[in-house]
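Here is what each chain is made of, one letter per residue.
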Amino acid sequence: MHTQTTLSQYLSEQQQAGNLNDPGLLAVIEDITRACKVISERVDRGALGGVLGTTDNQNVQGETQAKLDVLSNEILLAMNERSGLIAAMASEEMEGIHPCNKDQHKAAYLLLFDPLDGSSNIEVNNSIGTIFSVLPHPEPGRVPTEQDFLQPGTNQLAAGYVIYGPATILMLTLGQGVHCFTLSRSVGEFVLTRENIRLPETTSEYAINSSYQRFWEPAIQRYIEECLQGEDGPRGRNFNMRWVGAMVADSHRILWRGGVFLYPRDRRQPPKPGKLRLMYEANPMCLLFEQAGGAGTNDTRRILDIQPEKLHQRVGLIMGCKEEVERIVRYYKEQ
Ligand code: AHG
Ligand code: MN
Ligand code: MN
């Protein structure tokens with residue numbers, strides 16, 4: 001008899017086993033993933049669901065918002081603000097924080113998300129996703145401020161993503177390993193399909209957008225050049241390259257079969273500290289990677305240790321198999 005363990009069953013089993021003693025957090029995860037099921041249903045319909053195309057407005061990132069960016073953001077806000085569990089939310093698509101209306105000041109959690117990651121992939125039907133991060137409200141009982149969100153990634157109570165690909169898959173960590181759940185459309189639930197995901201120690205696959213090669217700093221030039229030299233070069237083996245253009249898709253592949261993801265700081269003017277955002281892209285993803293035995297750095301500093309100064313601050317990001325990340329950190333130090 002094939003027993004399918006749903007996300008709800010898994011979370012309550014973990015609670016009963018004493019592995020998790022935070023029932024409020026489990027309910028928050030249920031609400032976030034329920035919102036992602038609604039987003040998945042809309043994504044699944046593509047043009048028939050009216051989710052393609054862009055709006056006329058720009059977000060705080062200076063990027064034109066896709067319709068699905070806005071819709072996903074609205075779904076996550078609507079399905080997480082009434083539980084009374086979340087004090088406030090922050091999103092890539094909103095300049096300021098969004099205080100939740102129901103007794104917000106008493107709630108224990110802050111929720112951050114990139115509602116739709118990989119927006120440039122929407123029109124061309126490539127994988128996209130939602131990334132989320134849960135932080136503790138530092139002082140339940142008072143209305144949260146933006147300052148309350150500026151906590152290092154080590155403070156995260158939970159992090160994960162849902163990738164809307166051929167299958168809709170949730171990758172989740174509550175600080176006790178990384179677990180994978182596949183959406184069963186017939187059941188309407190995320191079902192546990194892989195527990196305790198571990199990154200392989202080594203890899204021969206890297207992910208970077210090579211069109212910016214002329215802007216890379218010496219450490220990245222050196223690392224990629226050595227990969228390109230293959231078995232005749234200093235690495236003594238050939239490397240493969242993949243770049244999907246959606247962090248959730250590249251990250252999912254790396255969590256599944258190994259690899260290293262690079263979106264480094266580069267020399268484009270004005271000097272960009274990197275493209276990806278610390279609070280709701282790098283931090284949740286690096287918590288997943290570390291929980292799976294990998295690593296995540298900005299150049300020489302561990303991403304999760306960075307003390308945020310601004311809600312939407314960007315960072316350079318190198319994450320994946322520990323051996324490769326450590327090599328790149330060494331190259332930055334020697335740079
Ligand atoms: P978003 O769509 O949320 O803005 O994120 C896109 C990010 C990330 O998902 C991806 O890895 C990166 O942008 C791709 O950047 P390039 O298009 O410069 O390759
Ligand atoms: Mn993104
Ligand atoms: Mn986004």
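Everything below is about the structure shown above.
First things first, this report covers the structure right here in the doc. Values in this document were obtained by computation on a predicted structure and should not be read as measured data.

Scoring rules and cut-offs
Along every chain, residues carry numbers that run from 1 in the direction the sequence is written. As a convention, the first chain written is A and the first ligand written is 1, with the rest following in written order. Restriction of local features to residues with pLDDT of at least 70 applies here, the model being predicted, together with a cutoff of 80 or more for giving and counting side-chain atom pairs; totals for whole chains, interfaces and linings are based on all residues. Based on all heavy atoms of the structure, the side-chain values leave hydrogens and waters out of the count. Any nitrogen, oxygen or sulfur atom within 2.8 Å of a metal ion counts as a donor, with the limit raised to 3.2 Å for Na, K and Ca, and since water is left out, coordination shells can look unfinished. Type-normalised accessible area, obtained with a 1.4 Å probe on protein chains alone, sets the label of each residue: buried when under 20%, exposed when over 50%, and partly exposed for intermediate values. Helix numbers and strand numbers start at the N terminus; a helix is a DSSP run of H or I with at least 4 residues, a strand a run of E with at least 2. In this analysis, strands are considered paired if DSSP registers two or more bridges between them. Only a single heavy atom is needed: when it lies within 4 Å of a molecule or strand, its residue is near that molecule or strand. Whenever two N or O atoms come within 3.5 Å, that pair is a polar contact, provided that in protein one can donate a hydrogen and the other can accept it, and provided that, for residues adjacent in sequence, both atoms are side-chain atoms. Only the protein chains shown count as cover for residues, with accessible areas throughout obtained via the Shrake-Rupley method and a probe of 1.4 Å. The way it works is a 1 Å grid over only the protein atoms, where trapped points that fit a 1.4 Å probe form a cavity and open points with protein on both sides within 12 Å along at least five of seven lines form a pocket, and then any residue with an atom within 4 Å of a point lines it. For a cavity or pocket, the test is whether more than half of a molecule's atoms lie within 2 Å of its grid points; if they do, the molecule sits there. Note on residue categories: nonpolar means Ala, Val, Leu, Ile, Met, Phe, Trp, Tyr, Cys or Pro, charged means Asp, Glu, Lys or Arg, and polar means any other residue, Gly included.

Another point: the coordination of the manganese ion (ligand 2). In an ideal octahedron of six donors the angles at the metal are 90 or 180 degrees, and in an ideal tetrahedron of four donors they are 109.5 degrees. Of the protein atoms, only Asp114 (OD), Asp117 (OD) and Glu281 (OE) coordinate the manganese ion (ligand 2), at distances of 1.9 to 2.1 Å. On the primary sequence, the residues serving as donors to the manganese ion (ligand 2) are separated as D-x2-D-x163-E. Using a relative accessible area of 5% as the deciding quantity, one classes Asp117 as buried. On the basis of relative accessibility, which here comes to 1%, the residue Glu281 falls in the buried class.

Another point: the pairing of strand β3 (residues 86-91). With six of its six residues buried, β3 lies for the most part within the structure. Relative to strand β5 (residues 109-117), β3 runs parallel, the two sharing five bridges. Bridged to Ile86 within β5 is Tyr109. Pairing geometry for β3 and strand β4 (residues 98-99), over two bridges, is antiparallel. Considered in β4, the bridge of Met89 is made with His98. Connecting the antiparallel pair β3 and β4 is a turn made up of six residues.

Binding of the manganese ion (ligand 3) to the protein goes through Glu92 (OE), Asp114 (OD) and Leu116 (O), at separations of 2.1 to 2.3 Å. Within one chain, the residues serving as donors to the manganese ion (ligand 3) are arranged as E-x21-D-x1-L. For the pair the manganese ion (ligand 3) and the manganese ion (ligand 2), the metal-to-metal distance amounts to 3.7 Å, and Asp114 bridges them. Within this pair, whereas Glu92 is found in the loop between β3 and β4, its partner Asp114 is found in strand β5, the two being separated by 22 residues in sequence. With respect to burial, Glu92 and Asp114 carry one shared label: buried.

Our focus in this paragraph is the site of ligand 1. Lining the immediate surroundings of ligand 1 are 19 residues, of which Asp117, Ser119, Tyr212, Met247 and Tyr263 lie closest. Here Glu281 contributes a side-chain N or O atom positioned 3.5 Å from an oxygen atom of ligand 1. Protein coverage of the free-state accessible area of ligand 1, which is 470 Å², stands at 90%. The cavity where ligand 1 resides is the largest pocket. When residues of the shell around ligand 1 are traced back to their parent elements, those giving at least two are β5, β13 (260-263) and β14 (276-277). Per-element accounting of the shell around ligand 1 gives the leading share, three residues, to β5. A breakdown of the residues in the shell around ligand 1 according to their chemical character gives eight nonpolar, four polar and seven charged.

A separate point is the sheet that holds β13. Strand order across the open sheet formed by five strands is β12-β11-β13-β17-β15, with mixed pairing between neighbours. Each end of this open sheet is capped by a strand with a single partner; those strands are β12 (240-241) and β15 (295-297). Bridging between strand β11 (residues 205-207) and β13 involves two bridges; their strand directions are parallel. Across the sheet, Tyr206 pairs through a bridge with Val260, a residue of β13.

In short, the description is geometric, and any link to function would need to be established separately.
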